[in-house]
Amino acid sequence: MEEISKHFLNNNRRHFLKKLGLGIGGLATASLLNPFSSIVESSDSPLAGLNLPHFAPKAKRVIYLFQSGGPSQLELFDYKPLLHKMRGQDLPDSIRQGQRLTGMTSGQDSFPLVGSQFKFNQYGESRAWVSDLMPFTAKIVDELCFIKSMHTEAINHDPAITFFQTGSQQAGRPSIGSWMSYGLGSLNENLPTFTVLLSRGTGRAMAQPLYSRLWGNGFLSSLHQGVQFRSGKDPVLYLKDPEGMTRLERRKMLDHIAELNEKQEREFGDPETNSRIAQYEMAYRMQTSVPDTMNIEDEPDHIMQMYGANAAIPGTYAANCLLARRLVEQDVRFVQLYHMGWDQHDNLPSHITKQAKDVDQATAALIMDLKQRGLLEDTLVVWGGEFGRTNYSQGALTKTNYGRDHHPRCFTMFMAGGGVKPGFTYGETDDFGYNITKDPVHVHDLQATMMHLMGIDHTKFTHKHQGRRFRLTDVSGHVVKDLLS
Amino acid sequence: MKKKKFKSTPLIWYFLVPFLLVLCYKYISSSRVNDYSDVEIKDASVLASEETIPEKIDYIFHVKPILSDRCYLCHGPDEGTREAGLRFDTKDGAYAALGENKDRFALVPGDTTASQMVHRILAKEESKIMPPINSNLSLTDYEKQILVKWIGQGAVWKDHWAFVKPKKPEIPNIFSENKNGEIDKFILRKLKEKGLSMSEKASKEKLIRRVYFDLTGLPPSIEAIDTFIKDNGENAFETVIDNLLASKAYGERMAAIWLDVARYSDTHGYQDDLERIMWPWRDWVISAFNRNIPYDQFVKWQLAGDLIPNATREQILATGFNRNHKITQEGGVIDEEYRNEYVLDRTNTVSKSLLGLTMECAQCHDHKYDPISQKEYFSFYAFFNKLDEKGRMDYGEIPEPNIRITQQEVKDVLTFINMPDSINELDLMVMKDSKPNRKTYILKRGAYDNFGEEVKEGVPQAVLSFTDKYQKNRLGLSDWLFDEDNTLTARVAVNRLWQQIFGIGIVATSSDFGNQGALPSHPELLDWLAETYREEGWDTKKMLKRMVMSQTYQQTTKATPELLEIDPTNKWLARSSREKLTAEMIRDNALAASGLLVDKLGGPSVKPYQPKGLWAETTSGQGLTEYIMDKGENLYRRSLYTFWKRTVPPPAMLTFDAATRDFCSVERQKTSTPLQALVMLNDPQLIEASEVLAAKMLKDENLSDKERIKIIFRRITSRTPEDSEVEKLITFLKDTESNYNEIEKEDFKLKQEYQDLNIPKKRIYAFTTLTSLIFNLDEAIVKG
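Procedures and definitions
- Residues numbered from 1 in each chain as written.
- Chains lettered and ligands numbered in written order.
- Predicted model: local features only at pLDDT ≥ 70, side-chain atom pairs only at ≥ 80, totals over all residues.
- Helix = DSSP H or I, 4+ residues; strand = E, 2+ residues; numbered from the N terminus.
- Rg over C-alpha atoms; globule rule 2.2 N^0.38 Å.
- Buried ≥ 20, exposed ≤ 12 C-beta atoms within 10 Å, placed from the backbone.
- Contact = placed C-beta atoms within 7 Å.
- Pairing = 2+ DSSP bridges.
- Core = buried A, V, L, I, M, F, W, Y, C linked by C-beta atoms within 7 Å.
- Axes fitted to C-alpha atoms, helices over the stretch in contact; angles between N-to-C directions.
- Parallel < 35°, antiparallel > 145°, perpendicular 65-115°, else oblique.
- Left-handed = near helix turned anticlockwise from the far one by under 90°.
- Nonpolar A, V, L, I, M, F, W, Y, C, P; charged D, E, K, R; others polar.
- Expected span 1.5 Å × (residues − 1).
- pLDDT = per-residue confidence, 0-100.

For chain B, the count of helices and strands is 29 helices and six strands. Against the 2.2 N^0.38 benchmark of 28 Å for 784 residues, chain B shows a C-alpha radius of gyration of 30 Å, consistent with a compact globule. Considered along the principal axes of its C-alpha atoms, chain B spans approximately 95 × 65 × 50 Å. In chain B, which comprises 784 residues, the share counted as buried stands at 49%. A sequence separation of at least 24 residues applies to 69% of the contacts in chain B between residues at least 6 apart.

Below is the structure:
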């Protein structure tokens, strides 16, 4: 029965497209089929001359696992035994070198050094250091490409996260996913190009907030804004038909709308009218494709177990990792996750334990799941936050408790898949875990590298707005060639 | 200075072109570039093809856009990055002698062989070619031809149009059917040049819908449409316009535009994004427009109301304009860094909205394209740097400087504030120069703690010198803005009004009148309007009336394929643009058509329908943690009153291209996306409006279904549907009704008030669906 009605609905669509004078195939159809595709923009769009991609891409899709709040590199990946030896001693001025502090610790009398409360070991053939907080991640280090020498310019959350997402500390520029959507267009005809999934961590009740502008299109067309996929009945805002409406009714309604609109088009000759008809068709397809993607009932037990028990609970990080895989399976170009709660100013040991547990298994599962499906080859996975944390305690250092403030000078991220070296660690920090001693990677470098992997020369990919050519990496950024496989 | 080898007589340059051709062939082996003798010089009427080289090259229209976009980056106003000492942004610089021996010239008027520019732009060698390969900038063949031809024709220089004082031009001597047809005469002259003519007048239904939305943001009622249709008098349309300009809704429409400019919001915008109260300022804006306070006063009060001698409370309140910027409460930020951000924001807002300049580009270095030095930027910044304000506010704090408004004061003086009885007093932010002696320095690379030279209050000299006659404060700045010699203020203002009425400004980039901005499509008209606006005392209502009274405005939007081909963006106005409703209008149209709209002016912002959980899922647990929907009247207020939380703005409004209000914005995008379709199809507000309108029709037992459909159609689109359209809709209605299945419709719950009506549920369902269908027609979301 369902088959029959699907057939009927699709037939209707074909009929509709035919009436519009569109065959299947051909440029016009491609853009009408997916209005998220950048081709839909007029031919005089500034994009026309960009010839993207600039070269053969290593990755076709990105999953960006953003760890909001600033995870402590010292508890997770950047092993610093010296901090144990010097526990309680003040951070030497020779190391601090006048580094700006946040207002939260600038008033402290002392800056007592503190090492990780969690044990570190080396794993895999690559002998990468991982702490006991991340046992699942430890098992897959030979798939990962660690960058221990990340650094940023911002020291507070709002500007720092905005900087990572848009290349600028001040709001108003497009998010990295919007840039990719704009430059590379869509790979499928049923889902948005840039999708967003949010989850709240268990590590800190008062998590850092998020802002919808983080996945905003800035000055690019709103076609390129990130579309939030949410748990619950209405996974994309306004997706669900009104109560009681059947799909057949909706189909008939759209056909009537199209018919009446075509009459308008004939009378007024407004090309926008046709474009609008195409938007409605895409919306109609999304109404099926989005719930289909969100419905994980067909996932076998062994996959669910792989991601962990939370994967069955909608809205968790684990559930979102599973969804991320389902989205890239559908060829969604850019999947952006945000996991809140990494801002451990106090009670770090207990908070980070919970927070790491939220993400460890699911992150590892996602990477291995992509790998077993052959998707890791051309999907880039990125894991990391907006800055790192200090090597000294914020607040009192006790036997079992301490906190850490924001630290922009060095922190750790990792990537996997699409064109990066597996089982590789890049960059080094000093024994204090305070300064970078080798191969620094700036936020703009990371962005440039991500773009490079997607086949984009970040210096050439610009958008002219208010008289100026803007790019994700502003006026700087270098591709970190050593990271490329 | 100028070196002339040839006198640039026409004869000689005809000779010169083939000569150059030979030169090119010698110089480069590429066959693609420039067979000048082949350039077909066509009649101006086919200029639509941008690739046709114009007969007479104009510096402003043809040459400077190329120089600015491709050359200024290294040969422009920014001294810090200027290469080879060569600059093309000034006349002296462009014709100056170059090289150690000062024996070479980039430009030799009339002499393409001697002009280094020609050699460099046509160079084949990678090391010689300009712009350099690694700049990612390059010239098209067309652009190269333009530059070469311009030099051949004598390389005549002109100053940037926007920095030349507008002179009121003569009205073109051309016949217009419209007796007050000044605007039309300018438009007609251009159309004639292009070989085009005006389109026929739009139908009365289209016209009244268009003017209602443009002037009030609301659709006309059926009664208003009928009255207008029946009125065959000469002044029928003028009567409509006068009524609209006198209506309260006019101020609301104008305010909706100004709120974007002023980056108005109900929250502070950073991180925890706490609530702020600025709506009394918004009420003032509405009232100011309705009272038609002249634009110069309107601006002066907002910029410097507090500095006016014996300033009134109203004038002080108006300065809230420049406190609408975002303010952070994030723990740990450095106070001075953010205080600096706020001053920068004011500087950028004023320059963008009032001067049409992208001054923010001169924050870190001299402007790359426009004559604005970093020093001038910080001189401008100095005006807004005298507040005793904090960079980081505390939770629960109302940032200084602020004023307290009491209920009594509202009753006595500030009568335009719609203060609910439940509120006795409230504090809101205003401007006050409590630190008049704070010094301002150039901030190197724009960094808040990297002081350079000290600067005093000043302006970009290229616009108009800031002489001693102006006070060295914001009041003086206002006087400077409205000095009759200021080249920008009036142009920028009328251009924004034009954009409101015609969809695109005469200068399409309404935020950028600089070298990188668009050139005016009708420069004389722009200047005529600017000067007229000033002469008439900055009378905004009068100016808008003039625009909508024009024949140009009243054309049909019908576009023939030929016209679409020749003028796809409708630059020349041989038709009206088929403009889409704004985010506010789309929802307000639904509220008005269904009769749900609550016609109430001002007051605290309201929280209508919004999908559940949007605030909760991103909050830190501080501030506005949960969206608590209002009840009753507040659900149905006009959209400009919808509570604006900057970090999570109302999603349906953003989907329809509303500005984010993070910073000043003077134009909105116009996009068409699948998410917009989803809002129109499924937003509970639209569904409720459909049901309410459907029930209203069904309750009237005297109506036939056809009549009901006609009324619904008219209320939503302002047009009477044709019989064939009604037939189609009847078919849909009957089909929906006859296939109605009680089991499937279990979840379709009628509103309480309709349950007791003696109307079958399936009738209401079918009519609701039909009404929703009509809301989704293309015609329902365009102006007319």
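Further notes follow.
When you go through chain A residue by residue, the secondary structure sums to 14 helices and 17 strands. For chain A, restricting intrachain contacts to residue pairs at least 6 apart in sequence, the fraction spanning at least 24 positions comes to 76%.

Next up on the list: the interface of chain A and chain B. Every contact between the two is made by 61 residues of chain A and, on the other side, 73 residues of chain B. When contributions to the side of chain A that touches chain B are tallied by element, the ones reaching two or more residues are α7 (157-166), α9 (247-268) and α10 (271-294) of chain A. Take the side of chain A that touches chain B: its biggest share by element is 11 residues, from α9 of chain A.

Turning to unusual backbone geometry, a few remarks are in order. Residues and elements named next belong to chain B. That bond from methionine 130 to proline 131 is cis: its omega, -10°, falls within 30 degrees of zero. Inspection of the secondary structure puts proline 131 in the loop between α4 (116-122) and α5 (141-152). Cis geometry is found at the peptide bond from glutamate 400 to proline 401, where omega equals -10°. Relative to the elements of secondary structure, proline 401 occurs in the loop between α15 (374-382) and β3 (402-406).

Residue and element names in this part refer to chain A. Examined bridge by bridge, strand β2 (residues 120-123) and strand β3 (residues 128-131) share four bridges and lie antiparallel to one another. If you follow asparagine 121 over to β3, its bridge partner there is valine 130. Once β2 ends, the chain turns through four residues before running back antiparallel as β3, passing glycine 124 with a positive phi of about 65°.

For soluble globular proteins, the rule of thumb is that nonpolar side chains tend to be buried together. Core analysis: the biggest nonpolar cluster contains 296 residues, and Ala324, Val381 and Val382 of chain A have the highest contact counts within it. Of the residues forming this core, the biggest block, 10 residues, is contributed by helix α13 (residues 348-372) of chain A. Apart from residues lying up to four places away in sequence, valine 382 of chain A is in contact with Val62, Tyr64, Leu65, Met413, Met415 and Met450 of chain A. Judged by nonpolar contacts, the second largest core, of 22 residues, contains Phe88, Leu107, Val108 and Ile151 of chain B.

Glancing now at helix α12 (residues 295-304) of chain B. Burial within α12 of chain B is extensive, with eight of its 10 residues counted as buried. When we look at burial in α12 of chain B, the residues that qualify are Tyr295, Phe298, Val299, Lys300, Trp301, Gln302, Leu303 and Ala304 of chain B.

Here we come to the packing of helix α26 (residues 705-717) of chain B against helix α27 (residues 723-738) of chain B. Residues and elements named next belong to chain B. For the pair α26 and α27, interaxial distance at closest approach is 10 Å and the crossing angle is 110°. Considering their axes alone, α26 and α27 lie roughly perpendicular with respect to each other. You can see that α26 and α27 cross each other, and the crossing is right-handed. In contact with Asp705, Lys706, Ile709 and Lys710 of α26, α27 contributes Val726, Leu729, Ile730 and Leu733. For the contact of α26 with α27, the per-class residue count stands at five nonpolar, no polar and three charged.

The subject of this paragraph is the environment of glutamate 265 of chain A. Residues and elements named next belong to chain A. For glutamate 265, the position within the fold is in helix α9. Separated by 126 residues in the primary sequence, glutamate 265 and lysine 139 place their C-alpha atoms 60 Å from one another. Apart from the residues within four sequence positions on either side, glutamate 265 is in contact with Asp270, Thr273 and Asn274.

What follows deals with helix α6 (residues 182-193) of chain B. The periodicity of an α-helix, 3.6 residues per turn, causes residues three or four positions apart to be oriented the same way. Residue and element names in this part refer to chain B. Given a rise of 1.5 Å per residue, 12 residues ought to cover 16 Å, and the 17 Å separating the end C-alpha atoms of α6 matches this to within 8%. Those residues of α6 that sit buried are Ile183, Asp184, Lys185, Phe186, Ile187 and Leu188. Contacts made by the buried residues of α6 are with α19 (523-535) and α20 (540-549).

One can find leucine 614 of chain B in the loop between α22 (583-594) and α23 (651-655). Linking leucine 614 of chain B and asparagine 292 of chain B, residues 322 residues apart in sequence, is a C-alpha distance of 39 Å.

Do not read the fine detail of predicted coordinates wherever pLDDT is low. All names here are of chain A. The predicted model of chain A averages 90 in pLDDT, with 90% of residues at 70 or higher. Across residues 1-8 the pLDDT falls below 50, and counting only partners more than four positions away or on other chains, this stretch makes one contact in the model. Contacts for the low-pLDDT stretch residues 38-49, under 50 throughout, to residues beyond four places or in other chains number 15 contacts.

Right, let's talk about the confidence of the model for chain B for a bit. Residues and elements named next belong to chain B. For chain B, the mean per-residue pLDDT works out to 92, and 93% of the residues sit at or above 70. Segment residues 1-9: pLDDT under 50, and 19 contacts once partners within four positions in sequence are set aside and those in other chains are kept. For this predicted complex, the interface confidence reaches an ipTM of 0.88, while the overall pTM sits at 0.89.

Residue and element names in this part refer to chain A. As for its position among the elements, aspartate 369 is in helix α13. Aspartate 369 sits in the buried class, given 20 other C-beta atoms within 10 Å. For the pair aspartate 369 and leucine 322, spaced 47 residues apart in sequence, the C-alpha to C-alpha distance is 9.0 Å. Excluding anything up to four places from it in sequence, aspartate 369 contacts Ile303, Met306 and Arg325.

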